[in-house]
Amino acid sequence: MYKSFEDLAVKDEADLRDVSRVRRLYWKNNYGLYIAAAGCSAAGLGLAGLAVWAFFCKFSGKPMPVEVFRPLFGVGAIGGGMCLWMGWMFSKELRLSPLGGYLEKPSDYVFAEGRIENADYISDGKRSSARMSVKGRFGENGIFFEDFSPDIWSRSVADRGEEEGLKPGDDWYSEKGKRVKLPLPAWVLYSRKTPGWGVLVGIPAATAALLAAKSKK
């Protein structure tokens, strides 16, 4: 989830393709997945080790009552399997990232002009987990999604048609006409193998600077 528009600011073609900039975006987007993959894998190995230990103790002649063996082995085998599967799924998600793929083999990826078209507020009731889920398009049928902090997005961007119905006393009435309206120009990165799906990789520097200034008010 992006918490700053400056991270996406692109000045020119060289800046857009700059490997160090793409690497920063990759880590900002995926450090949580690395933590989740490592945590689940470690827990899975630990639980699997518990199952192996219980099995060894039970069938190596050491005394272990059935009522002790079954829960130890069950928790170790089932829990370990589930954690290892989750760790593998998180790792798979990392491997699918166009940002990571571009860092490994740039020739397999394409930068394209796109546009951010709409955003939806998503929350499970906790402010810490709330986000703006942004959707955009590129090319003929390409689509991309991204998450932004609700605080910076709501202060900076007005969805199409959002301000027409604002009346004195409404939450955003004081900002009527001051926020940037959708759609927003953007740059997208996609794999040649999956041209219909991409990832947001940049916003023109002038637009990003305007958004950043409004988000800090």
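Residues numbered from 1 in each chain as written. Predicted model: local features only at pLDDT ≥ 70, side-chain atom pairs only at ≥ 80, totals over all residues. Heavy atoms only, no water.

Undergrad: I'm lost on the packing of aromatic side chains in this one. Help?
TA: The relative placement of two aromatic rings is captured by the distance of their centres and the angle of their planes. Evaluation of the coordinates by the stated rule reveals eight aromatic pairs. Taken together, a centroid distance of 6.2 Å and an interplanar angle of 40° make the contact between F5 and W153 tilted. Of the two residues, F5 sits in the segment before β1 (9-10) while W153 sits in helix α5 (residues 150-156), which places them 148 residues apart along the sequence. For the pair F5 and W153, one class covers both residues: buried. Plain terms: the ring middles of F148 and W153 are 5.1 Å apart, the flat faces sit at 45° to each other, and that makes the pair tilted. Using a relative accessible area of 0% as the deciding quantity, one classes F148 as buried. Joined through ring pairs, the aromatic side chains of Y2, F5, F148 and W153 make up one cluster. (Phe/Tyr/Trp six-rings, centres within 6.5 Å; stacked < 30°, edge-to-face > 60°. Helix = DSSP H or I, 4+ residues; strand = E, 2+ residues; numbered from the N terminus. Buried < 20%, exposed > 50% of the residue type's maximum accessible area, 1.4 Å probe, protein only.)

Undergrad: Would you explain the layout of surface pockets in this entry?
TA: Remark: the empty space left among the atoms is shown by a probe the size of a water molecule rolled over them. Of the pockets and cavities examined, the largest pocket occupies roughly 550 Å³. Taken together, the elements giving at least two residues each to the lining of the largest pocket come down to α2 (19-59), α4 (98-104), β4 (142-148) and β8 (197-204). Partitioning the lining of the largest pocket into residue classes produces 10 nonpolar, seven polar and six charged. The space that makes up the second largest pocket amounts to roughly 220 Å³. (1 Å grid on protein atoms, 1.4 Å probe; cavity = no way out; pocket = protein on both sides within 12 Å on 5 of 7 lines; lining within 4 Å. Points joined across faces, edges and corners; volume = space filled by probe spheres on them. Nonpolar A, V, L, I, M, F, W, Y, C, P; charged D, E, K, R; others polar.)

Undergrad: Quick question: what am I supposed to make of the pairing of strand β7 (residues 184-191) here?
TA: Taken residue by residue, a regular strand's side chains alternate between the two faces of the sheet. Counting buried positions along β7 gives six out of eight residues, so the element sits mostly inside the fold. Pairing geometry for strand β2 (residues 109-122) and β7, over eight bridges, is antiparallel. Across the sheet, V110 pairs through a bridge with Y190, a residue of β7. Relative to β8, β7 runs antiparallel, the two being bridged by four bridges. Bridged to L189 within β8 is V199. Counted between consecutive antiparallel strands, the loop separating β7 from β8 contains five residues. (Pairing = 2+ DSSP bridges.)

Undergrad: Explain the pairing of β2 here, please?
TA: Judged from the eight bridges that link them, β2 and strand β3 (residues 131-138) form a sheet pairing that is antiparallel. Opposite Y121, over in β3, you have M132 as the bridge partner.

Undergrad: Teacher, can you tell me more about the pattern of salt bridges here?
TA: Proximity of charged atoms lets side chains of opposite charge pair with each other. Counted according to the given criterion, the structure contains seven salt bridges. Linking E13 and R17 is a salt bridge whose minimum nitrogen-to-oxygen distance equals 2.7 Å. In this pair, E13 and R17 both sit in helix α1 (residues 13-17), four residues apart, roughly one turn of the helix. Between D147 and R131 there is a salt bridge whose closest N-O contact spans 3.2 Å. Within this pair, whereas D147 is found in strand β4, its partner R131 is found in strand β3, the two being separated by 16 residues in sequence. (Salt bridge = Lys/Arg side-chain N within 4 Å of Asp/Glu carboxyl O.)

Undergrad: What is the right way to read the side chain of E117 from this model?
TA: For E117, the location among the structural elements is in strand β2. Residue classification places E117 among the buried residues on the basis of a relative accessible area of 14%. At a separation of 2.9 Å, a polar atom in the side chain of E117 contacts the side chain of R115. A distance of 3.5 Å separates the side chain of E117 from the side chain of R137, its partner in a polar contact. (Polar contact = N/O pair within 3.5 Å; in protein donor to acceptor, adjacent residues only side chain to side chain.)

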